[in-house]
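# Observations on chain architecture
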Amino acid sequence: ALLALQSPEIRRPKSATSAEYSQLLSWLDGTFPSSFVNPSVEIQTSERGGHGMFATDDIKEGSMLFSIPREACITSTTVLDDEACGKSFQTLIDKAGPGAFTVSLAGYLSKEYMRYLEGDDDVLFGPYLATLPWKRNINGQEHVLFWTNDEIETKLSSSLCYREANDLKSEVKVARKILNSIIGIEVLKARGEWEEEKPLIPFLEFTKPPPAALKDPVSGLGRAVTGAFAILLSRAFDDEFDKLIVAEDAERLIPILDMLNHDNDPSITYKTNEEGVVEVKARRDISTGEEIYNRYREEEEMNMPYHRFFTRFGFVPGSTTDDVMALLADKSSVFFAKRKEI
């Protein structure tokens, strides 16, 4: 039952700071002892926006920069083994088919993040979730999912990414409604706004009535789900190690690796070893003070047009947000098809 209580004051910050990134490294080391982060790297503010990883000493080609064990990644196992909602996520996947795992993953992220904001210290991935860009321009993140419908009409109408942007927003709108019914009660519990039903016969748990259906939208949940989808579009990696989800749908979040900024000339290579550990190594020599970059698109995706890169990752390589807005205003060929002259 819903209680007429005020939500307790949120104790967690809503956007990541350099101190929280330091806490992220401490959390990784303390929670997953088999993880490794090279002592010659650290997280700092990046000129490209948000934060990035930098070399604090010269690093030789082939050196291990960091390794992340599978249990430190958010995977299908994490989602489907969730005590509160795992069974509901599995039911959604079984009934809805392709794409349903992404919705479930977004639901798990949203639920855990909202619990963490309420001060729940049992959220395993809390320090990691706190560093993710849940809102527009947090840690340098831009994404069409954060745009209003008016912004999309004004800036993207007749552009090459107009249809995809609208399709994304429509899909997320449906997902928000579905996930409200799956994770909403857990969010209300974290806020102290939900009271568990008591057994009809004291001490006999099986006589407890099922929870009432949640009909009203939970405050803040829709925005969290939108943020989760923006995070997954811009940061999720394919999960070739996954045995539970259909291959083309399997994806995961990899702490640390997912915060490296993009460059077409990356500083790293990474692979998943036979034990599921993600190993990240220097692709070339890296000098002291240099930012360490990943490349967001795989080799087979090198022909991804920039307008699609924008709708997926939220930026155009080599351009700032202001540059992108200028390209849109100027009807640049990056975003708009040019008509041939007759």
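Structural data are supplied above this passage.
The structure contained in this document is the topic of the report that follows. (Residues numbered from 1 in each chain as written. Predicted model: local features only at pLDDT ≥ 70, side-chain atom pairs only at ≥ 80, totals over all residues. Heavy atoms only, no water.)

### Quick look at the overall build of the protein chain
Helices and strands together make up the secondary structure of the protein chain, namely 10 helices and nine strands. Projected onto the principal axes, the alpha-carbon positions of the protein chain cover approximately 75 × 55 × 40 Å. Split into buried and exposed, the 342 residues of the protein chain put 50% on the buried side. Of the contacts formed within the protein chain by residues at least 6 apart in sequence, a portion of 69% connects residues at least 24 apart. Here the protein chain has roughly 17,700 Å² of accessible surface; of this, 50% comes from carbon and sulfur atoms. Treating the 39 positive side-chain charges of the protein chain as one cloud and the 56 negative ones as another, the clouds have centres 6 Å apart. (Helix = DSSP H or I, 4+ residues; strand = E, 2+ residues; numbered from the N terminus. Buried < 20%, exposed > 50% of the residue type's maximum accessible area, 1.4 Å probe, protein only. Contact = heavy atoms within 4.5 Å. Areas by Shrake-Rupley, 256 points an atom, 1.4 Å probe, with all protein chains shown as cover. Lys, Arg positive; Asp, Glu negative; His and termini not counted. Charge placed at Lys NZ, Arg CZ, Asp CG, Glu CD.)

### As for the environment of alanine 224
Here alanine 224 shows up in helix 8 (residues 221-235). Using a relative accessible area of 7% as the deciding quantity, one classes alanine 224 as buried. Note: C-alpha distance between alanine 224 and alanine 212 (12 residues apart in sequence) is 23 Å. Apart from residues no more than four positions distant in its own chain, alanine 224 is found in contact with Ser110, Met114 and Trp134.

### Focus: the sheet that holds strand 1 (residues 36-37)
Here four strands make up an open sheet; going across it, the order is 1-4-8-7 and the pairing antiparallel. Edge strands, defined here as strands with exactly one partner in the open sheet, are strand 1 and strand 7 (268-272). Summarising the sheet, strand 4 (residues 64-68) and strand 8 (residues 278-282) pair through four bridges and their orientation is antiparallel. In the strand pairing of strand 8, serine 67 is matched with glutamate 279. (Pairing = 2+ DSSP bridges.)

### Some details on unusual backbone geometry
Residue isoleucine 256 is not a glycine yet carries a positive backbone phi of 75°. You can see isoleucine 256 is positioned in the loop between strand 6 (251-252) and strand 7. Here isoleucine 256 falls in the buried class, since its relative accessible area comes to 0%. Residue lysine 331 is not a glycine yet carries a positive backbone phi of 55°. Along the chain, lysine 331 turns up in the segment after helix 10 (321-329).

### Regarding the sheet that holds strand 9 (residues 291-292)
Strand order in this open sheet of three strands is 2-3-9, and the pairing throughout is antiparallel. Looking at the sheet topology across the chains shown, the edges are occupied by strand 2 (41-45) and strand 9. Where strand 3 (residues 51-55) meets strand 9, two bridges bridge the pair, whose relative direction is antiparallel. Bridged to methionine 53 within strand 9 is isoleucine 292.

### Some words on helix 7 (residues 162-190)
Turn by turn, an α-helix covers 3.6 residues, leaving residues three or four places apart pointing in a common direction. At isoleucine 183, helix 7 shows its strongest bend, of approximately 55°. Just downstream of helix 7 lies glycine 192, where phi reads positive at about 75°. (Bend = angle between axes of the 7 residues up to and from the residue.)

### A word on a negative patch on the surface
On the surface, Asp57, Asp58, Glu61 and Asp285 cluster together into a patch of negative charge. Secondary-structure assignment places aspartate 285 in the loop between strand 8 and strand 9. With a relative accessible area of 46%, aspartate 285 lands in the partly exposed category. (Patch = residues over 30% accessible without salt bridge, like charges linked within 9 Å, V, L, I, M, F, W, Y side chains within 5 Å. Salt bridge = Lys/Arg side-chain N within 4 Å of Asp/Glu carboxyl O.)

### Observations regarding the pattern of salt bridges
A complete count under the given rule lists 18 salt bridges for this structure. Across the pair lysine 189 and glutamate 186 runs a salt bridge, and its minimum N-O distance is 3.3 Å. Placement of the pair is lysine 189 and glutamate 186 together in helix 7, with a separation of three residues, close to one helical turn. Owing to a relative accessible area of 18%, glutamate 186 belongs among the buried residues under this scheme. A salt bridge links aspartate 258 to arginine 235; the nearest nitrogen and oxygen atoms lie 3.6 Å apart. In this pair, aspartate 258 sits in the loop between strand 6 and strand 7 while arginine 235 sits in helix 8, placing the two residues 23 residues apart along the sequence. In terms of burial, aspartate 258 and arginine 235 fall into one category: buried.

### Focus on the pairing of strand 2
The pairing of strand 2 with strand 3 spans five bridges and is antiparallel. Residue valine 41 lies in a different strand from strand 3, and its bridge partner there is alanine 55. As consecutive antiparallel partners, strand 2 and strand 3 are separated by five residues, and within that stretch glycine 49 has a phi angle of approximately 110°, a positive value.

### Section: the packing of aromatic side chains
Counting across every chain of the model gives 12 aromatic pairs. Seen in terms of ring centroids, phenylalanine 310 and phenylalanine 335 are 5.4 Å apart; in terms of plane orientation they differ by 85°. Their pairing is edge-to-face. Here phenylalanine 310, found in helix 9 (residues 306-313), pairs with phenylalanine 335, found in the segment after helix 10; they are 25 residues apart in sequence, far enough to count as distant. For the pair phenylalanine 310 and phenylalanine 335, one class covers both residues: buried. An aromatic cluster is built from Trp27, Phe32, Phe125 and Tyr128, whose rings are joined through pairwise contacts. Over the ring of tryptophan 147 we find lysine 155; its NZ or CZ atom is 5.3 Å from the centre of that ring. (Phe/Tyr/Trp six-rings, centres within 6.5 Å; stacked < 30°, edge-to-face > 60°. Lys NZ or Arg CZ within 6 Å of the ring centre and 35° of its normal.)

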